Amino acid sequence: MEKLKSLRPVIVFHLLLNSIVIIFITGASYYHTPLEGIKDTAIYIIHLLLLQTTVAGLLYFLSLNKWVFHIVFSVLFLMYCGFSFWAYTQDISITMPLIQSILETKPDIAIDLISIPYILFFVVAIFALLFILKRQRSIQPTKGFLIFVIPALLAVFLFIALEKIRPGSLINRLPYSAVIGFRQYYEKPTLQLNKEIPALTFNKDSIKLVFVLGETVREDHLGINGYKRNTTPLLASKTNLISFKNLYTNNTYTGASVPQILTDELLEQKKESYTSIYSVVNKAKFKTTWIGNQTLEKSFAPIVYTNSEVILVDKYKSDFSFNKELDEAMLLPLDDVLKLSPRQFTTLHMMGSHWWYENRYTEDYSKFKPIIDSKYIPSLSSEQIINSYDNTILYLDYFLSEIINRLEKEEEPSLLFYVSDHGEHLGENGKWLHAQAGEEAKNPAYIIWFSEKYKEKYPKRVSKITKLKNNKLTTDVIYFTILELLDIKIN
Ligand SMILES: [Zn+2]
């Protein structure tokens, strides 16, 4: 008892230290999570406490030496307060694109970001920091080391265990997300792209192609593919539209699927280096523009930058933000981009139907009800999840129709080429979302629309592709089909 009493100052210090870290850093990653009811909130509080336990283990070792703690903790704490302010106020994800913009932005632009609330947040954070540093000076940090070292080590191992059970549950949140972001920024690209593009044969006809790279849309939830609900009323009314029902991919998450779709990589045949579709199309004298509503991932960012121009909408918010811009934010830049060149190849990278579905469509498309109201999946009914998912498909129907409406007005022959990167589990075998084993995430939606002018000018190409409508295909065909539709041949 007497011994426990002598350890009390150290215990109180660590309780205070961890409370300050929750308030100023780790709590920010949970602040915007949509939750309904006491049970869901309690589950996320437990999640936060588990994450903080892993951090507490690290903080314990950092606190053992006064000088190390004063210098290292102070620097890290203030740096993280800089991140958490954005996470708290704007739900910004602290990932590689944000780290990149901080490290590569000119100082005058960075100064523009500093506001009065930002300064006030820092002032309060500095007071909290001074308080905890003073407190640390008043204790003997190594007291009880032999008692505390085991729980501290276990806390650090808890991180490894939790990440093994549910990958991404900790590393996508502060403070770990920033560490991963820095690591990804300094890592060499995982993908080797060919700089030498093979000789091509092509004509110089005017063509406008809009390539919509979709997200998490499975083909069997499209009304035009025979789904019981009319989720695609606008696309159903379009002529010259082909929907392919049998496209297969074995890549079930964006980071793996997008590089395969955008290069000559084949599903079953890995090579040392790949050719970006944009490098080929650029060589065939097209102007290429990428408009993206997703943050760029390390696995496909180098491919994106082979476009002649890259426009990123809402680029600091990833799929972990709950106030992400809607995909229609890409239509405004599209209007300008369509005017750029008579040979224009534009890619729109959607957030599409990625979870959290309620952040993907407007009230106008909230047709199927009841919808999801909490981010905690076990407390939702299948009906709620599928309703919200189907509402995102209704929004996709609107989004693609808006693009077709624009292309119909173009003077040049034009095309809309849509493919989703993968599908989604919607309760089959008790599974939800994607990036896990199972077939439901492997049949993405795939649609091509031709303008009347395109059909008149290239009837053979249109009839050839139309014949493939019911064939079993894999995403290997995407790269080669686009080149064929643009009449580019690799010699
Ligand atoms: Zn994806």
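Source: prediction; values computed, not measured. (Residues numbered from 1 in each chain as written. Predicted model: local features only at pLDDT ≥ 70, side-chain atom pairs only at ≥ 80, totals over all residues. Heavy atoms only, no water.)

**Q** Got a minute to help me understand the pattern of salt bridges in this structure?
**A** Two side chains bearing opposite charge may form a pair once their charged atoms approach each other closely. Tallied over the entire structure, the rule returns 18 salt bridges. Between E402 and R406 there is a salt bridge, with the nearest N and O atoms lying 2.9 Å from each other. In this pair, E402 and R406 are both assigned in helix α14 (residues 382-408), four residues apart and thus about one turn of the helix distant. Of the charged contacts in the structure, one is a salt bridge between E439 and K442, with a shortest N-O distance of 3.4 Å. Judged by relative accessible area, which is 46%, E439 ranks as partly exposed. Sharing partners across several salt bridges, the network here consists of K208, E410 and E412. (Salt bridge = Lys/Arg side-chain N within 4 Å of Asp/Glu carboxyl O. Helix = DSSP H or I, 4+ residues; strand = E, 2+ residues; numbered from the N terminus. Buried < 20%, exposed > 50% of the residue type's maximum accessible area, 1.4 Å probe, protein only.)

**Q** Just checking my understanding: could you explain the domain arrangement of the protein chain for this structure?
**A** Buried accessible area, meaning the area lost when the parts come together, often serves as the stated size of an interface. Domain annotation of the protein chain identifies domain 1 (2-186) and domain 2 (200-490). Each of domain 1 and domain 2 has a C-alpha centre, and these two points are 38 Å apart. With 20 residues of domain 1 at the interface, the matching set in domain 2 holds 17 residues. Surface buried jointly by domain 1 and domain 2 totals about 1,700 Å² across both partners, of which 56% is contributed by carbon and sulfur atoms. Our count for the domain 1 to domain 2 interface comes out at zero salt bridges. Sorting the residues of the side of domain 1 that touches domain 2 by element identifies α2 (37-63), α4 (96-104) and α8 (176-186) as the ones contributing at least two each. With four residues, the single largest contributor to the side of domain 1 that touches domain 2 is α4. Here the residues of the side of domain 1 that touches domain 2 are counted per class, giving nine nonpolar, seven polar and four charged. (Domains from an automatic or database assignment. Contact = heavy atoms within 4.5 Å. Buried area = accessible area lost by both parts, 1.4 Å probe. Nonpolar A, V, L, I, M, F, W, Y, C, P; charged D, E, K, R; others polar.)

**Q** How do you make sense of the packing of α2 against helix α7 (residues 145-165) when you look at a structure like this?
**A** What describes two packed helices is the angle between their axes and the distance between those same axes. Between α2 and α7, the least distance of the axes is 8 Å, while the angle of their chain directions is 135°. By the angle between their axes, α2 is oblique relative to α7. Helix-helix and strand crossings are classified by hand; for α2 and α7 the assignment is left-handed. Residue-level contacts link L50, T53, T54, G57, L58, Y60 and F61 of α2 to F145, F148, V149, A152, L153, A155, V156, L158, F159 and L162 of α7. Its residues assigned to classes, the contact of α2 with α7 comprises 14 nonpolar, three polar and no charged. (Axes fitted to C-alpha atoms, helices over the stretch in contact; angles between N-to-C directions. Parallel < 35°, antiparallel > 145°, perpendicular 65-115°, else oblique. Left-handed = near helix turned anticlockwise from the far one by under 90°.)

**Q** Sorry, what's going on with the nonpolar core here?
**A** A general trend in soluble globular proteins is that nonpolar side chains are found buried together. F211 and L486 are the most contacted members of the largest nonpolar core, which totals 46 residues. Broken down by element, the residue count for this core peaks at five residues, all from helix α17 (residues 476-485). In contact with F211, not counting residues within four places along its chain, are I261, L262, Y278, F345, T346, T347, L348, F417, V419, I478 and I482. Within the second largest apolar cluster, 45 residues are counted, among which are V210, Y365, L407 and L416. (Core = buried A, V, L, I, M, F, W, Y, C linked by side-chain atoms within 4.5 Å.)

**Q** I'm lost on a nonpolar patch on the surface in this one. Help?
**A** A cluster of nonpolar residues, W67, V68, I71, V72, V75, L76 and M79, forms a patch on the protein surface that exposes about 650 Å² of accessible area. Tracing the chain through its elements places V72 in helix α3 (residues 66-90). Exposure remark for V72: the relative accessible area of 34% places this residue in the partly exposed category. (Patch = residues over 30% accessible without salt bridge, like charges linked within 9 Å, V, L, I, M, F, W, Y side chains within 5 Å. Areas by Shrake-Rupley, 256 points an atom, 1.4 Å probe, with all protein chains shown as cover.)

**Q** Mind showing me how you'd approach the packing of aromatic side chains here?
**A** Between two aromatic rings, the relevant description is the distance of the centres plus the angle of the planes. Counting across every chain of the model gives 31 aromatic pairs. On the numbers, 5.5 Å between centres and 55° between planes, the contact of F85 with F121 is tilted. With F85 in helix α3 and F121 in helix α6 (residues 116-137), this residue pair connects regions lying 36 residues apart in the sequence. We note that F85, like F121, is buried. (Phe/Tyr/Trp six-rings, centres within 6.5 Å; stacked < 30°, edge-to-face > 60°.)

**Q** Can you walk me through unusual backbone geometry in this structure?
**A** Glycine aside, residues mostly have negative phi, and peptide bonds are mostly found in the trans state. Looking along the chain, the bond that leaves L174 and enters P175 is cis, with omega of 5°. Mapped onto the elements, P175 comes out in the loop between α7 and α8. Located in the positive-phi region is K285, a residue other than glycine, with phi close to 65°. What makes K285 exposed here is its relative accessible area of 53%. We note that D487 has phi near 60°; this positive angle belongs to a residue other than glycine.

**Q** I'm lost on the environment of A441 in this one. Help?
**A** Turning to its location among the elements, A441 is positioned in the loop between β10 (432-433) and β11 (446-450). Counting along the chain gives 48 residues from A441 to K489, while the straight-line C-alpha distance between them is 32 Å. Once you skip the residues sitting within four places of it in the chain, A441 turns out to touch T252, H422, G423, E424, H425 and H434.

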